[in-house]
Amino acid sequence: MHQSLRLSDAARSKIPLQSRRSAIAAANPSACLEERAIFMQNITRIPWTVDILVPFLPVLYAILDPTRIPSISNALEGPGDVVEDSHVGLEIFCVSNSLRGILTLVRAKRVPFGASSDIWKNVWPWLQFTEMYHELLTADLIADRYVQQVLFIATLGTNPEAERTMAKDIVDICIFLGRAWAQLLQADDRDNKAAHTALISLPGCVQSWTEHPDWTRSAADGLIVGVGGSAANLASLALLHLNRFLPNKYSPLDQEHVSLALGGLVSFIQSANHEARAPFGLGFADVLLEMGLVTSLTNLSRAVFDGSLPADVSNLSYYEYLLAFLRPCPRHQRVVEALRAGFLPTVLQAGIALPGCRALLFDNLSSVTTLHSSLSQIRVSLSQIKDINKKARLIKKSSPPFYKSWQGFMAVLEDRFQVLDAYNAEILTVPICCHNHECGGTFHKQDIKVCSGCTIAYYCSKACQQTDWLAGHRQFCTHLSWRSRVDCHPEHSPMTARDNSFLHTLLYWEFRSRQKEIALGYLRFMQNQPDKTPYMLFDFRHGACQIQIDDIEELDSALTPVAVEAVVERGERILFNVTRGSEYHDIIPRFFPPFVAGREFLAGLRTIAAGMPSGAGEEQLEQYCPAVLMLMEGALQSDFRDDMEQRRLVQ
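Computed from a predicted structure; not experimentally measured.

**As for the overall build of the protein chain**
Piece 1. Looking only at helices and strands, the protein chain has 32 helices and 8 strands in total.
Piece 2. For the protein chain, the proportion of its 651 residues judged to be buried stands at 52%.
Piece 3. Here the analysis covers contacts within the protein chain between residues at least 6 apart in sequence; of these, 72% occur between residues at least 24 apart.
Piece 4. Summed over its atoms, the accessible surface of the protein chain is roughly 29,300 Å², and 52% of this surface lies on carbon and sulfur atoms.

Pasting the structure below:
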């Protein structure tokens, strides 16, 4: 035992005279409960300051003698109503106040460095004791006990010597911290400053243990058991805690304490999501996202930029952390969730403070405008921004680069909203090709079915599907299926049928409205690589769609071997068209006219290219555009016109 914990003659002389007799009696190992209670009642009548408590440290330590626990346990498990037993109440009274006194001294750094381990050895059995019999205590006693003991563990754990001793009980400590966390949040005592202090300390305390060398999966399971038994319980608890401390007019805490609380919570979440360590398993980040992490971080970012929290470096990092969850696409569902929580107004406000937001407009928001769900939510979000033009003018003065990015984003939206309106009103009719190259017919949407495996290939009949399946779609479908892509890239989320259909419509719109540009692209390709097979890439990664025509064998994608095989097996009767939605989005094939252009289309292109003078410039290439456009129009419209004429005759 450390000498500072012994009640020596020198230590006794430092105790105030009026409390000395009861203190000496209470510190005696053979002291009865009444003697300990008398001492504690005397000391609690005076204001507890650090200077007053210092002389009583040996007495408080002696009261927490763990050898008395078995006899008290026997009394608790004996006959009678133990809840009403004054014996139990006095023991809880003495233990709780002794812990509170030692906690005050520990936090004030008035406990000698070498005494911390001895204090823990006496304290921890009592913590386990009160935890074992917590169901016999009243709600007030439970809440008060958790407040005191959480602060005690958090404070003592900062002492390296004590931490080494505490690490031996890391699993039980995690169970206790989990129960305390859940209990304190459920109590929701908004006027209890001590409870707020304990809640502020909890996430940081847990995080420090997750980073401890002795942290194991058993410790993680202990914390999960403490909060309720599942990772979802832990995730929901962390997010409930985060939302509880978001600034509002009813919060009793000032900005400094709110910032401290939120900083600890976000640090805990970041630590829990750390890919290298993954203290709660690799799937915990997904659980947090399912429970609404993006919404909580969006609300937190809004609080920073609307002035509820100071826009300092630490608080601005919350916004950067939110962006980390939104940048890897196709996580469009996360973007939609953030938009619903008010992300777009935050983007406007953040544009001045964070230049990195400029990239966000194109790397994220522009790329997800290719999907019906996110584009519709962007329109709703824009309508909810008050004085949007006024805010844009303010940004123009304070941050011209961001204003330029914003204007580019709005220009992209204007074009996409036209397609969205036409799609919703069913005005824009998109012909769809049968994927069976032996058929190659063009049909209306209602007359053709999509492959349920890859959701990309379409067939006009069961016979066409079976024929193409045997012709090679079996391997193609496996590579294109959402299930396969999610297995390879867990961050990918499948598109809904409406999103898939809208993207198909958007691609057709781009194809039809930019045919001269596409014709020139084909001419340039054939001029340089007349013996190669082209593919057409629709790139939506940077706002406005970029169309690229290149050699299919140069396609930088895991699907390249499959794509080349599909083209070769069909004798160049198909043209391969692909889309790319973001920097993190794998290339996805999309088939629409003239994907079944047939040998005639490529043969026609090669014939036109053969007639061009070598080294022809742009002006000369434009002279050949009408011929390519006629070739494209024929491949695009022939079957569709025949189908429309047939419908007219039937009617």
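**Let's talk about the nonpolar core**
Piece 1. In terms of nonpolar packing, the biggest core is built from 166 residues, with F39, L177, W181 and F343 touching the most fellow members.
Piece 2. Here this core takes 10 residues from helix α11 (residues 170-187), the largest share from any one element.
Piece 3. Within the second largest apolar cluster, 12 residues are counted, among which are I432, F443, I448 and I456.

**Remarks on helix α17 (residues 293-305)**
Piece 1. Helix length check: α17 (13 residues) gives 19 Å between terminal C-alpha atoms against 18 Å at 1.5 Å per residue, within 8%.
Piece 2. In terms of burial, α17 is largely enclosed, as 10 of its 13 residues are buried.
Piece 3. Buried residues of α17: L293, V294, S296, L297, T298, L300, S301, A303, V304 and F305, and no others.
Piece 4. Downstream of α17 by one or two residues, G307 has phi in the positive range, about 95°.

**Notes on the pattern of salt bridges**
Piece 1. One pass over the full model with this rule turns up 6 salt bridges.
Piece 2. Linking R217 and D221 is a salt bridge whose minimum nitrogen-to-oxygen distance equals 3.3 Å. A residue pair is termed a helical-turn pair when its members lie 3 or 4 positions apart in one helix, as R217 and D221 do in helix α13 (residues 217-227) at 4 residues.
Piece 3. With relative accessibility at 44%, the residue R217 sits in the partly exposed group.
Piece 4. Measuring nitrogen to oxygen at the nearest pair gives 2.9 Å for the salt bridge that ties R514 to E517.
Piece 5. By relative accessible area, which is 38% here, E517 ends up partly exposed.

**Notes on the environment of G226**
Piece 1. Within the secondary structure layout, G226 lies in helix α13.
Piece 2. When its relative accessible area of 10% is taken as the criterion, G226 is described as buried.
Piece 3. Between the C-alpha atom of G226 and that of I175, which follows or precedes it by 51 residues, the distance is 4.4 Å.
Piece 4. Sequence-distant contacts of G226, that is, excluding residues within four places in its chain, are made with I175, G178 and R179.

**Some details on the state of the cysteines**
Piece 1. According to the stated counting rule, one finds 0 disulfides in the structure shown.
Piece 2. You can see C205 has no disulfide; the closest cysteine sulfur is in C174, sitting 8.6 Å from it.
Piece 3. Given a relative accessible area of 6%, C205 falls into the buried group.
Piece 4. No disulfide involves C434; its sulfur sits 3.8 Å from the nearest other cysteine sulfur, which is in C464.

**Quick look at helix α19 (residues 332-340)**
Piece 1. Those residues of α19 that sit buried are H332, R334, V335, V336, A338 and L339.
Piece 2. At the exit of α19 stands G342, carrying a positive phi of roughly 100°.

**Some details on the environment of L237**
Piece 1. As for its placement among the helices and strands, L237 is situated in helix α14 (residues 231-244).
Piece 2. Residues L237 and Q186, 51 residues apart in the sequence, show an inter-C-alpha distance of 9.8 Å.

**Digging into the pairing of strand β5 (residues 534-539)**
Piece 1. The buried count for β5 comes to 6 of 6 residues, which makes it a mostly enclosed element.
Piece 2. Of the two faces of β5, the one holding P534, M536 and F538 and the one holding Y535, L537 and D539 are both buried throughout.
Piece 3. Sheet analysis places β5 next to strand β6 (residues 546-551), joined by 6 bridges and oriented antiparallel. Residue pairing in the sheet places P534 in a bridge with D551 of β6.

**What about the side chain of D499?**
Piece 1. Checked against the element boundaries, D499 lands in helix α27 (residues 497-513).
Piece 2. Although D499 is buried, it makes no salt bridge; R498 carries the closest opposite charge, 7.1 Å away.
Piece 3. Among the polar contacts made by the side chain of D499, one reaches the main-chain amide nitrogen of S373 at a distance of 2.8 Å.
Piece 4. Residues in contact with D499, not counting those within four places in the same chain, are H332, L371, H372 and S373.

**Some details on the confidence of the model for the protein chain**
Piece 1. Of the residues in the protein chain, 78% reach a pLDDT of 70 or more, and the chain-wide mean stands at 78.
Piece 2. Within the protein chain, helix α26 (residues 482-488) has the poorest average pLDDT of any element, 45, and α13 the best, 92.
Piece 3. Across residues 483-492, where pLDDT falls below 50, the model places 15 contacts with residues more than four positions away in sequence or in other chains.
Piece 4. Of the regions scoring below 50 in pLDDT, residues 637-651 engages in 18 contacts with residues more than four places distant in sequence or in other chains.

**With respect to the side chain of T298**
Piece 1. Locating T298 in the fold gives a position in helix α17.
Piece 2. Beyond its immediate chain neighbours, meaning those up to four positions away, T298 contacts L322, A338, A341, G342 and F343.

Definitions and limits used
Residues numbered from 1 in each chain as written. Predicted model: local features only at pLDDT ≥ 70, side-chain atom pairs only at ≥ 80, totals over all residues. Heavy atoms only, no water. Helix = DSSP H or I, 4+ residues; strand = E, 2+ residues; numbered from the N terminus. Buried < 20%, exposed > 50% of the residue type's maximum accessible area, 1.4 Å probe, protein only. Contact = heavy atoms within 4.5 Å. Areas by Shrake-Rupley, 256 points an atom, 1.4 Å probe, with all protein chains shown as cover. Core = buried A, V, L, I, M, F, W, Y, C linked by side-chain atoms within 4.5 Å. Expected span 1.5 Å × (residues − 1). Salt bridge = Lys/Arg side-chain N within 4 Å of Asp/Glu carboxyl O. Disulfide = S-S within 2.5 Å. Pairing = 2+ DSSP bridges. Lys, Arg positive; Asp, Glu negative; His and termini not counted. Polar contact = N/O pair within 3.5 Å; in protein donor to acceptor, adjacent residues only side chain to side chain. pLDDT = per-residue confidence, 0-100.

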